[in-house]
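Topology and contacts: notes
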Amino acid sequence: MATKSKIEWTDTTWNPVRGCTKISPGCKHCYASAFAERFRGVPGHPYERGFDLRLVTEKLLEPLSWAKGNMVFVNSMSDLFHPDIPDAFVVQVAQVMVKANWHTYQVLTKRADRLREMLQGPLEFAAVSPHIWWGVSVENVKHGVPRIERLRSSPATMKFLSIEPLLEDLGKVNLAGLNWVIVGGESGRGARALEEDWVLNILDRCRKQDVPFFFKQWGGVNKKKYGRLLGGKTYDEFPATNRREVPDRGVRERLIAEMEKKFSQFNGLVQIAN
Ligand code: SF4
């Protein structure tokens, strides 16, 4: 059974990769890194090696075993398009998502160039699947906004933004062609401030360009204190989804056996990447 996530815009997380490296200002207080590093050196712990990048092959088929359709945040503890993750492994992750199509997947990256390249090439088969949502993180104008163009010009059917932590006003940001926008402020120690006008600007752009808007949180050192109301309202909008029926246990077991057989040919290719 999948574990319920505390992240407001998903049901559960799936981490066939763990670990990452920082790439832009949005990573400064990466919650995944802080969490993982707490367990560095703890024998037997999943994060025994802290936030070092590694492939978690034993988790690869996990969604095929889940008997309930979930909204699944893929790699909440990593970035699937990190340059050290082999193409063959990214393709395997996508093959599982295509096969376990009773879930909706939310794939989020800051490596938008590789995302686009792969969606145009070896991930073309998964780009068009409406139950796989491909997204980029956006934190500012300089590093974040260019990722939107990479995503927009990709062949993904479902495209979304996670604008979190929003670090400045994004101005007249173009949201055309996107299916969903999440906005949030940074939380935890040292959290950088979020201004209401920056959020209202994005809400206005969403309304003008007909994009569902989800306001996750104000953030801050104590995120519970500031909550997630914007102008007295909660914004929990999602794109329309068309959930498929969950196959029965026997069918799921057959799918797992089929994928295990298919993936065995890649055993030599999928190396621990740290
Ligand atoms: S890309 Fe994401 S997971 Fe990787 S360091 Fe930055 S915030 Fe953390």
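Up top you'll find the structure we're talking about.
Cut-offs and rules
- Residues numbered from 1 in each chain as written.
- Predicted model: local features only at pLDDT ≥ 70, side-chain atom pairs only at ≥ 80, totals over all residues.
- Heavy atoms only, no water.
- Helix = DSSP H or I, 4+ residues; strand = E, 2+ residues; numbered from the N terminus.
- Expected span 1.5 Å × (residues − 1).
- Contact = heavy atoms within 4.5 Å.
- Axes fitted to C-alpha atoms, helices over the stretch in contact; angles between N-to-C directions.
- Parallel < 35°, antiparallel > 145°, perpendicular 65-115°, else oblique.
- Nonpolar A, V, L, I, M, F, W, Y, C, P; charged D, E, K, R; others polar.
- Pairing = 2+ DSSP bridges.
- Near = heavy atom within 4 Å.
- Salt bridge = Lys/Arg side-chain N within 4 Å of Asp/Glu carboxyl O.
- Buried < 20%, exposed > 50% of the residue type's maximum accessible area, 1.4 Å probe, protein only.

**Remarks on helix α7 (residues 196–208)**
Helix length check: α7, at 13 residues, gives a terminal C-alpha distance of 18 Å against a target of 18 Å (1.5 Å per residue), a fit within 8%. The elements touched by buried residues of α7 are β7 (158–163), β8 (180–184), β9 (213–217) and β10 (229–230).

**Let's talk about the packing of helix α4 (residues 112–120) against helix α6 (residues 145–152)**
In helix packing, the relevant descriptors are the interaxial angle and the interaxial distance, both defined with respect to the helix axes. Contact pair α4 / α6: the axes reach a minimum separation of 9 Å and the direction vectors enclose 0°. Taken together, the axis directions place α4 and α6 in an arrangement best described as roughly parallel. Touching Ala112, Asp113, Leu115 and Arg116 of α4 are Arg147, Glu149, Arg150 and Leu151, all from α6. A per-class count over the contact of α4 with α6 returns three nonpolar, no polar and five charged.

**So, the sheet that holds strand β5 (residues 104–109)**
With parallel pairing, seven strands are arranged side by side in an open sheet as β1-β4-β5-β6-β7-β8-β9. Here the strands that pair on one side only, and so sit at the sheet edges, are β1 (12–14) and β9. Taking the axes of each pair of neighbouring strands and ignoring which way they run, one obtains an average angle of 25° across the sheet. Where strand β4 (residues 71–74) lies against β5, four bridges are found, and the strand directions are parallel. Along β5, the bridge assignment pairs Val74 with Val107. In the packing of α6 onto the sheet, the strands contacted are β6 (132–137) and β7, and the crossing angle to β6 comes to about 155°.

**Quick look at the site of the ligand**
Taken together, Cys20, Thr21, Lys22, Cys27, Cys30, Ser78, Asp79, Lys110 and Arg111 make up all the residues around the ligand. When grouped by side-chain class, the residues that make up the shell around the ligand number three nonpolar, two polar and four charged.

**Some thoughts on unusual backbone geometry**
Here the amide bond leading from Glu164 into Pro165 is cis, since omega sits at -5°, within 30 degrees of zero. Mapped onto the fold, Pro165 is located in the loop between β7 and β8. You will see that Asp210, though not glycine, has its phi angle at about 60°, which is positive.

**Focus: the pattern of salt bridges**
Applying the stated criterion across every chain, the model contains 17 salt bridges. Of the charged contacts in the structure, one is a salt bridge between Arg147 and Glu139, with a shortest N-O distance of 2.9 Å. As far as burial versus exposure is concerned, Arg147 and Glu139 are alike and both buried. The partner of Asp236 in a salt bridge is Arg228, and the shortest N-O contact between them spans 2.5 Å.

These figures come from the coordinates and say nothing about function on their own.
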